[in-house]
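Commentary on secondary and tertiary structure
Residues per chain, in single letters:
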Amino acid sequence: MTAVPPRRRMVPAYLATGGRSRPSRASFDRLTLLHSASPDPPQGLEAEHRRLWELLRPGALTLVEAAAHLRLPVSATNFLAADLVDAGGLQARSPIPRAQQIDRTLVERLLDGLRSLR
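Below is a short write-up of the structure. Remember, predicted model here, so these are calculated numbers, not experimental data.

**Observations regarding the overall build of the chain**
Looking only at helices and strands, the chain has five helices and three strands in total. Ordered by position from N to C terminus, the α and β elements of the chain give α-β-α-β-α-α-β-α. Here the chain, with 118 residues, has 28% of them falling under the buried criterion. Within the chain, counting contacts between residues at least 6 apart in sequence, those at least 24 apart form 72% of the total. Carbon and sulfur atoms make up 55% of the accessible area of the chain, which amounts to about 8,900 Å² in all.

Structure, rendered in structure tokens:
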């Protein structure tokens, strides 16, 4: 039995960006959370924009997850997401920053102080 080759995209990824080299807004982080902003899609969406909006309608995904589902490069999905945010069809939330390491000596001093209150 031979392996089935992965389906090729009919439209090259660069066409999904409209040939632009920069998105309309600052680039999103790969872990930016995207979700639908309205129950109905914005008017006049192109096919790739509509696919992204429909993908996010049931719930939120990160930019990189959406790119994987759409089988597009993250950079091309970034363009689509920026366009949809500008059109009011999507909302984007920055990823939650990593917590900073807590100074162990400060915690030990706090515990010592609490123990001395007994």
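**Focus on the sheet that holds strand S3 (residues 90-93)**
The sheet built from three strands is open, its strands ordered S2-S1-S3 with antiparallel pairing. Sheet topology places strand S2 (61-62) and S3 at the edges, where each strand pairs with a single neighbour. One ladder, built from two bridges, connects strand S1 (residues 33-36) with S2; its direction is antiparallel. Note that in S2 the partner of Leu-34 across the bridge is Leu-61. Packed onto the sheet, helix H2 (residues 47-56) meets S1, S2 and S3 and runs at close to 90 degrees relative to S1.

**Regarding the pairing of S1**
Going residue by residue along S1, you find Leu-34 and Ser-36 tucked away on one face and Leu-33 and His-35 left uncovered on the opposite face. With four bridges joining them, S1 and S3 adopt antiparallel strand pairing. Within S3, the residue paired with Leu-33 across the bridge is Arg-93.

**Brief notes about the environment of Ser-75**
Take Ser-75: it is sitting in helix H4 (residues 74-87). Spatially, the C-alpha atom of Ser-75 lies 9.3 Å from that of Val-64, the residues being eleven residues apart in sequence.

**Observations concerning the nonpolar core**
A general trend in soluble globular proteins is that nonpolar side chains are found buried together. The biggest cluster of nonpolar side chains holds 19 residues, and the ones touching the most others in it are Phe-28, Leu-52, Leu-56, Leu-63, Ala-81, Leu-84 and Leu-90. The set of elements that each furnish at least two residues to this core consists of H2, helix H3 (63-70) and H4. In terms of residue count, the dominant contributor to this core is H4 (six residues). When sequence neighbours within four positions are dropped, the list of residues in contact with Leu-63 reads Phe-28, Asp-29, Arg-30, Thr-32, Leu-34, Val-74, Thr-77, Asn-78 and Ala-81.

Parameters and conventions
- Residues numbered from 1 in each chain as written.
- Predicted model: local features only at pLDDT ≥ 70, side-chain atom pairs only at ≥ 80, totals over all residues.
- Heavy atoms only, no water.
- Helix = DSSP H or I, 4+ residues; strand = E, 2+ residues; numbered from the N terminus.
- Buried < 20%, exposed > 50% of the residue type's maximum accessible area, 1.4 Å probe, protein only.
- Contact = heavy atoms within 4.5 Å.
- Areas by Shrake-Rupley, 256 points an atom, 1.4 Å probe, with all protein chains shown as cover.
- Pairing = 2+ DSSP bridges.
- Axes fitted to C-alpha atoms, helices over the stretch in contact; angles between N-to-C directions.
- Core = buried A, V, L, I, M, F, W, Y, C linked by side-chain atoms within 4.5 Å.

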